[in-house]
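Residue-level structural notes
So you can see what is in the structure, the chains are spelled out below.
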Amino acid sequence: MSTIRVNQIQDTSTNVAANISGGIATFTNPPQGLGTINYVNNLSVSGSSTQTEFETNLTGTALNGGAKTLKIFLTGMSNESSGYMHFRIKSADGYTDGGYAAGFAYNTGSSFNSNGNTDSNQNNAMAIGYYGGTYNVVIDCLLIDPSTNRWIMDGRCMSKDTTAAVHGNSIADNALGASKPITGFKFSSTNTNGLGVANIKYGYSYTV
């Protein structure tokens, strides 16, 4: 068996195609359909044990228009009492409302409810939950129009500590605006200090 040891691959014009370090190849221009997956985990929320909102700023190659997909995974967030839990994305100039206004479905036990896209609680955010409980949350986001930085988001939550089955879900879209790539995201409650955050652990992955 032969072994080739290199730390960089170049073409005949000395243009760098890939750098190799620690057994990982980083492509200058990833092959079509093969984005680099980056992981950020073991995150928690600092400050008071209950908060009205908390936000996360993306880092590294996710910035400057790098992120094409974003997946957020969270456990241990409690809705202290019934009230809407919301999710928003942001750019450098804040939380632009360029869409949202999607339907929202939620239930407790056998009681199923849904809000239409004209409901005021979906005007400038994606609703992900309503009833009290401690939740696992998963949100998938995909950049569908880079020219307007329009993202589509699939948000789901399921309570982990209630006797009755409690969950919520929505699929929404939002355009941050031309030349305004995503820089972060936020969870919030319509109730003051409505989110219990002391036991939250979360993380996200993104592709570029």
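Refer to the preceding data block for the structure.
Quick look at the overall build of the protein chain now. When helices and strands are tallied, the protein chain shows zero helices and 17 strands. The principal-axis extent of the C-alpha atoms belonging to the protein chain is close to 65 × 40 × 35 Å. Across the 208 residues that make up the protein chain, the buried fraction comes to 38%. Considering only intrachain contacts with a sequence separation of at least 6, the fraction spanning at least 24 residues in the protein chain is 73%. When the accessible surface of the protein chain is split by element, carbon and sulfur atoms take 50% of a total near 10,900 Å². For the protein chain, the distance from the average position of its 11 positive side-chain charges to the average position of its 12 negative side-chain charges is 7 Å.

What follows is about the side chain of Thr183. Take Thr183: it is sitting in the loop between β14 (166-175) and β15 (184-189). The class for Thr183 is buried, based on a relative accessible area of 17%.

The next thing to look at is a nonpolar patch on the surface. There is a patch of nonpolar side chains on the surface, built from Leu142, Ile144, Ile152 and Ile171 and spanning about 340 Å² of accessible area. Position of Ile152 among the secondary structure elements: in strand β13 (residues 150-159). Since its relative accessible area comes to 33%, Ile152 is described here as partly exposed.

Right, let's get into the nonpolar core. Judged by nonpolar contacts, the single largest core of 41 residues is most densely connected at Phe54, Leu70, Met77, Phe87 and Phe187. With five residues, strand β12 (residues 133-145) is the largest single contributor of residues to this core. Not counting residues up to four positions away in its chain, the partners in contact with Leu70 are Leu58, Ile139, Asp140, Cys141, Trp151, Ile182, Phe185, Tyr204, Ser205 and Tyr206.

Attention now goes to the environment of Gly203. With respect to the helices and strands, the residue Gly203 is situated in strand β17 (residues 201-207). On the accessibility criterion, Gly203 (7% relative accessible area) is buried. Put simply, Gly203 and Asn193 are ten residues apart on the chain and 22 Å apart in space, counted from C-alpha to C-alpha. Apart from the residues within four sequence positions on either side, Gly203 is in contact with Val40, Asn41, Leu43, Lys71, Ile72 and Phe73.

Our next topic: the packing of aromatic side chains. Scanning the entire structure with this criterion turns up 14 aromatic pairs. With a centroid separation of 6.3 Å and 70° between ring planes, the pair formed by Tyr84 and Tyr106 is classed as edge-to-face. Residue Tyr84 is located in the loop between β7 (69-79) and β8 (85-90), and its partner Tyr106 is located in strand β9 (residues 104-108); the two are separated by 22 residues in the primary sequence. Residue Tyr84 shares its accessibility class with Tyr106, and that shared class is buried. Each ring, one from Tyr130 and one from Tyr131, has its centre 5.2 Å from the other, and the planes form 85°; the classification is edge-to-face. Grouped by ring-pair contacts, the aromatic residues Phe54, Phe87, Phe185, Phe187, Tyr202, Tyr204 and Tyr206 constitute a single cluster.

Let us now look at the pairing of β17. In terms of burial, β17 is a largely internal element, six of the seven residues being buried. As paired elements, strand β4 (residues 37-43) and β17 share five bridges and run antiparallel to each other. Of the residues in β17, the one forming a bridge with Asn38 is Tyr206. Two strands pair when backbone bridges link them, and β7 and β17 are joined in this way by seven bridges, in the antiparallel orientation. Paired with Lys71 across the bridge in β17 is Ser205.

This part takes up the sheet that holds β8. The four strands are arranged β6-β15-β8-β11 in an open sheet whose pairing can be described as antiparallel. If you trace the sheet from one side to the other, it starts and ends with β6 (53-57) and β11 (126-129), each paired once. For this sheet the average axis-to-axis angle between neighbouring strands, irrespective of direction, equals 25°. Sheet topology note: the β8/β11 ladder contains three bridges and is antiparallel. When the sheet's bridge partners are listed, His86 is paired in β11 with Ala127.

What counts, and at which threshold
- Residues numbered from 1 in each chain as written.
- Predicted model: local features only at pLDDT ≥ 70, side-chain atom pairs only at ≥ 80, totals over all residues.
- Heavy atoms only, no water.
- Helix = DSSP H or I, 4+ residues; strand = E, 2+ residues; numbered from the N terminus.
- Buried < 20%, exposed > 50% of the residue type's maximum accessible area, 1.4 Å probe, protein only.
- Contact = heavy atoms within 4.5 Å.
- Areas by Shrake-Rupley, 256 points an atom, 1.4 Å probe, with all protein chains shown as cover.
- Lys, Arg positive; Asp, Glu negative; His and termini not counted.
- Charge placed at Lys NZ, Arg CZ, Asp CG, Glu CD.
- Patch = residues over 30% accessible without salt bridge, like charges linked within 9 Å, V, L, I, M, F, W, Y side chains within 5 Å.
- Salt bridge = Lys/Arg side-chain N within 4 Å of Asp/Glu carboxyl O.
- Core = buried A, V, L, I, M, F, W, Y, C linked by side-chain atoms within 4.5 Å.
- Phe/Tyr/Trp six-rings, centres within 6.5 Å; stacked < 30°, edge-to-face > 60°.
- Pairing = 2+ DSSP bridges.
- Axes fitted to C-alpha atoms, helices over the stretch in contact; angles between N-to-C directions.

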